[in-house]
Amino acid sequence: MNSQYLQYRIHSKSNECIDVSSSGAWTLDNLRKIENALRAVPHVKKIIWDLSGVDDFDSAGVLLFIKYLEQFETDGAVEVIGYTEAQKDMYQLLNNSENRVLTSQRDNNFLQKIGKNTIDIYADIKEFATFIGHLFVAIANLIIRPKNMRFKEITYHAYESGFSALLIVGLTAFLVGMVIAYQGAVQLAKFGADIFIVDTVAISVVRELGPMITAIVIAGRSGSAYTAEIGAMKITEEISAMRTMGFDPYYFLVIPRLFALMITLPLLVFFADIFGILGGMFAAKMQLGLSVTQFVDRLYEVLDVKHYILGMIKAPVFAFVIATIGCYRGFKVSNNTESIGLHTTASVVNSIFVVIALDALFSVIYTGFGV
Amino acid sequence: MSVIKMSGIVTRFGDRTIHDGVSLHIEPNEIYGILGGSGSGKSVLMKEMIMLLEPNSGEIVVLDQSLRGISFAQAQALRQQWGVLFQFGALFSSMTIAENIEVQLKEHSDISKEMRARLVQSKIAMVGLEPFVGSLYPSELSGGMIKRAALARALSMEPKLLFLDEPTSGLDPVGARNFDKLIVELRDLLDITVVMITHDLDSIFSIVDRMAILANKKVVAEGSLRNVLQSQHPFVEEFFKNDYTKQKYLDKLDLKEVAGV
């Protein structure tokens, strides 16, 4: 059988030996046709393979040659003649790469994945604990030597994460207060207990929703910013540069952000409380026709200062969680831009989760104390 | 007396060994090159010298101070005696060039504001930058200017020891030679010791006094160019004794005999 690329001739004397001669362009474009021709070559004890007719070849052509050479060799002897130096070099290069054993083959079965993730999470928690430990040492040092306090940075971050967030925090709280009031109004109206809408809104906003909504908004807004800022500095080696100059990143990057947030988050919660109640007041007026005076009068009766304090206690705790997770994730960024995205996402998800979990814990504790 | 002495350094990342018993010593006032293929652990070795990483075992002594079990105060004092030029400058992006140079003076010294400003200007001039560059931000500078500005910052605490991570990478050939010249001038002028990671053959053949070649997790050759060229190690053969270096450097510098090629 003959094709443009391959001719073979069976020796007439015996059927034991055939001459194969290749010709034409052994390149990627023709690979399929050549392979079809190669398949047709019968299996015999000896093959003499003449390459002298090949006028063009590329690595794909040589790889095909290697594949069929190996296959023919399993049946019998193969003698290759008429090849050029260039073809030989290419053959050697590709043959070596063919024989390379893939050592880094990874089995990823289900159990292994669970095990690996567990170890990763364990290592992550351990690292976070180390981070918190370092942070407390830095804070303790700062108490001994307060002149290391970076007031300028603290005010800058207080402005960025506090003042700039007023609008979004106020608006979110207002809407949440409104939703609570609307939903409550429908139920309470059935019993003619309209006035209790004030209790529902005021206590739920001040004790639970105000702190939590603010914390969630700030986690998404400032926690992510902290991670991205510190992560970018990590990539450009600015943090290494700081270390070599003897500037502790905890003083320069972490503590200003932490203190700024611990100062501003309680203030933001206070702001959110006001707007949440205003939202409730607005909805009560619209839905139940409850006048502002009635609402405020009732508010005086039901909203003990205790509720306000219980809500406010949570704020610095949430601030601590958001700032430390945000900064910690920033330091975890490795040397590629993709990891900034991954860690920013992780930062927001982790801090929102921890905020909600802590909120649940606070509820349990408060109930335990009977307050 | 050596400025830096490393002995028996072993570094592992997970189960990957980077250094397996690296030893070298750096003498005062020399320009010392750290060479090796990519992944040979040059940068890691330098990071260990400047306390950004800690080796798994081995002893590092920098300016007569052992880094093992170093106290916080000692580490802070040591850090003020050296300057580091990072590969991509690592200038603080939120500060101008002048502020970048000034920041260490501000934090670690009590000199007056006016004196600081003068020092900053002198450093800017020393590295060959125009005075107005001081008021620019790092993002407004070209690659070569960033290197110079970063060098000015590294020099701000008047260090006796300067670490350079690939100082000429990313510079055009003329800029790179000027930078080499600058390093030699500063070494002579300020009497400092320079440790640099480099791949730049021009730098190696012209300004480096002594060097260490890292390969196979060890130092396979250390010493002056002549000493290193006598090594038969495959990496040295490949790096120094190929056709290109033969024609370009070894012939001209009469080093063919030494290299045995």
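Here the structure is a predicted model, which is why all the values come from computation and not from measurement.

Q: Requested: an account of the overall build of chain A, with residues and values cited.
A: A count of helices and strands for chain A gives twelve helices and four strands. Rg of the C-alpha trace for chain A: 37 Å, well past the compact-globule value of 21 Å for 371 residues, more than 25% over. The C-alpha extent of chain A, read off along each of the three principal axes, is 115 × 60 × 35 Å. Split into buried and exposed, the 371 residues of chain A put 44% on the buried side.

Q: Quick one: what's the story with the interface of chain B and chain A, residue by residue and with numbers?
A: If you look at the interface, chain B gives 19 residues, while chain A gives 13 residues. Counting across the chain B and chain A interface gives one salt bridge. Here Glu107 of chain B ties to Arg150 of chain A by a salt bridge, and the two come within 2.9 Å at their closest N and O atoms. Scanning the region where chain B abuts chain A turns up six residue pairs in polar contact (both at pLDDT 80 or more).

Q: Give me the lowdown on the side chain of Thr244 of chain A, citing residues and values where you can.
A: Among the structural elements, Thr244 of chain A can be located in helix α8 (residues 238-244). Relative accessible area serves as the criterion here: at 4%, Thr244 of chain A is assigned to the buried category. Every residue in contact with Thr244 of chain A, bar those within four places of it in the chain, is listed here: Ile50, Leu52, Arg79, Trp82, Val84 and Phe86 of chain B.

Q: Can you break down the sheet that holds strand β4 (residues 57-62) of chain B residue by residue, with the values?
A: Residues and elements named next belong to chain B. Strand order in this open sheet of four strands is β2-β1-β4-β5, and the pairing throughout is antiparallel. The open sheet has two edge strands with one neighbour each: β2 (16-26) and β5 (65-66). Across five bridges, strand β1 (residues 4-13) lies against β4 in antiparallel orientation. Bridge assignment links Val10 to a residue of β4, and that residue is Ser57.

Q: Explain the sheet that holds strand β6 (residues 82-85) of chain B to me, using residue names and the numbers behind them.
A: Residues and elements named next belong to chain B. Reading across from one edge, β6-β7-β8-β3-β9-β10 is the order of the six strands in this open sheet, with mixed pairing throughout. Two strands bound the open sheet, and with one partner strand each, they are β6 and β10 (218-223). Here the strands of the sheet are splayed against their neighbours by 15° on average, with no regard to which way each runs. As paired elements, strand β9 (residues 210-215) and β10 share five bridges and run antiparallel to each other.

Q: Run through the packing of aromatic side chains, naming residues and quoting values.
A: Enumeration according to the criterion identifies 22 aromatic pairs over all chains in this entry. Measuring from centroid to centroid gives 6.0 Å for Phe174 of chain A and Phe282 of chain A, while their planes differ by 40°, and the two rings are tilted. Of this pair, Phe174 of chain A sits in helix α6 (residues 166-191) while Phe282 of chain A sits in helix α9 (residues 249-288), and the two are 108 residues apart along the sequence. With relative accessibility at 22%, the residue Phe174 of chain A sits in the partly exposed group. The structure contains a cluster of three or more aromatic residues connected by ring pairs, namely Trp26, Trp49, Phe65, Tyr68 and Phe72 of chain A. Directly above the ring of Phe92 of chain B sits Arg153 of chain B, whose terminal nitrogen or CZ lies 4.8 Å from the centroid.

Q: Run through the domain arrangement of chain A, naming residues and quoting values.
A: All names here are of chain A. Segmentation of chain A into domains returns domain 1 (6-95), domain 2 (109-144) and domain 3 (149-369). Taking the mean C-alpha position of each, domain 2 and domain 3 sit 24 Å from one another. Contacts between domain 2 and domain 3 engage twelve residues on the former and 15 residues on the latter. Across the contact surface, domain 2 and domain 3 share three salt bridges. For Glu127, the salt bridge identified is with Lys332, shortest N-O distance 3.6 Å. Residue composition of the side of domain 2 that touches domain 3, grouped by class: eight nonpolar, two polar and two charged.

Q: Break down a nonpolar patch on the surface for me, citing the residues and quoting the values.
A: Where nonpolar side chains cluster on the molecular surface, the patch consists of Leu361, Ile365, Phe369 and Val371 of chain A and spans about 390 Å² of accessible area. Position of Leu361 of chain A among the secondary structure elements: in helix α12 (residues 337-369).

Q: I'd like a description of the pattern of salt bridges, backed by residues and values.
A: Residues and elements named next belong to chain B. Applying the stated criterion across every chain yields a total of 26 salt bridges over all chains. The partner of Arg177 in a salt bridge is Asp202, with the nearest N and O atoms 3.2 Å apart. With Arg177 in helix α6 (residues 173-190) and Asp202 in helix α7 (residues 201-206), this pair connects stretches of sequence that are 25 residues apart. Arg177 gets classed as partly exposed once you look at its relative accessible area, which sits at 26%.

Q: Quick rundown of helix α4 (residues 113-126) of chain B? Include the residues and the values.
A: Residues and elements named next belong to chain B. The end-to-end C-alpha distance of α4 is 20 Å, a good match for the 20 Å that 14 residues give at a rise of 1.5 Å each. Listing the buried residues of α4 in full gives Arg116, Leu119, Val120, Lys123 and Ile124. Along α4, the residues classed as buried sweep out an arc of 135° about the axis, all on the same side. Facing away from the buried side of α4, by more than 90 degrees, are the exposed residues Glu114, Arg118 and Ala125. Here the buried face of α4 lies against α3 (97-108) and α5 (143-154). Following α4 by one or two positions, Gly128 adopts a phi angle in the positive range, close to 80°.

Definitions and cut-offs
- The residue numbering used here restarts from 1 in each chain and proceeds along that chain's sequence as written.
- Chain letters and ligand numbers both follow the written order, the letters beginning at A and the numbers at 1.
- Side-chain atom pairs in this predicted model are given and counted only at pLDDT of 80 or more, local residue features only at pLDDT of at least 70, and totals for whole chains, interfaces and linings cover all residues.
- Only hydrogens and water are removed before side-chain values are computed, so all heavy atoms of the structure are retained for them.
- Only DSSP runs of H or I reaching four residues or more are called helices, and only runs of E reaching two or more are called strands; each is numbered from the N terminus.
- The globule rule used for comparison is 2.2 Å times the number of residues to the exponent 0.38, while the radius of gyration itself is calculated over C-alpha atoms.
- For each residue, the accessible area found with a 1.4 Å probe, counting protein chains only, is set against the maximum for its type, and the residue is called buried under 20%, exposed over 50%, and partly exposed in between.
- The criterion used for residue contact is that any of the two residues' heavy atoms lie within 4.5 Å.
- By salt bridge we mean one thing: a side-chain nitrogen of Lys or Arg within 4 Å of a carboxyl oxygen of Asp or Glu.
- Pairing of N or O atoms within 3.5 Å defines a polar contact, subject to two protein rules: one partner must be a possible hydrogen donor and the other a possible acceptor, and residues neighboring in sequence count only if both atoms are side-chain atoms.
- Two strands pair under a simple rule: DSSP has to find at least two bridges between them.
- In this analysis an axis means a line fitted to C-alpha atoms, helices contributing only their contacting stretch, and an angle means the value between N-to-C directions, from 0 to 180 degrees.
- Pairing of aromatic side chains here covers Phe, Tyr and the six-membered ring of Trp, requires ring centres within 6.5 Å, and sorts the geometry by plane angle: under 30 degrees stacked, over 60 edge-to-face, intermediate tilted.
- Put simply, a charge is over a ring when the Lys NZ or the Arg CZ is close to the ring centre, within 6 Å, and near the line of the ring normal, within 35 degrees.
- Where each domain begins and ends is defined by an automated method or by a domain database.
- Asp, Glu, Lys and Arg are counted as charged, while Ala, Val, Leu, Ile, Met, Phe, Trp, Tyr, Cys and Pro are counted as nonpolar; the rest, among them Gly, fall into the polar class.
- By definition, no residue in a patch forms a salt bridge, and every one has over 30% relative accessible area; like charges are joined within 9 Å, nonpolar side chains (Val, Leu, Ile, Met, Phe, Trp, Tyr) within 5 Å.
- Note on areas: these come from Shrake-Rupley sampling with a 1.4 Å probe, and a residue is covered only by the protein chains present in the view.
- A helix is expected to span 1.5 Å multiplied by its residue count minus one.
- The arc in question is the one traced by the directions running from the helix axis out to the C-beta atoms.

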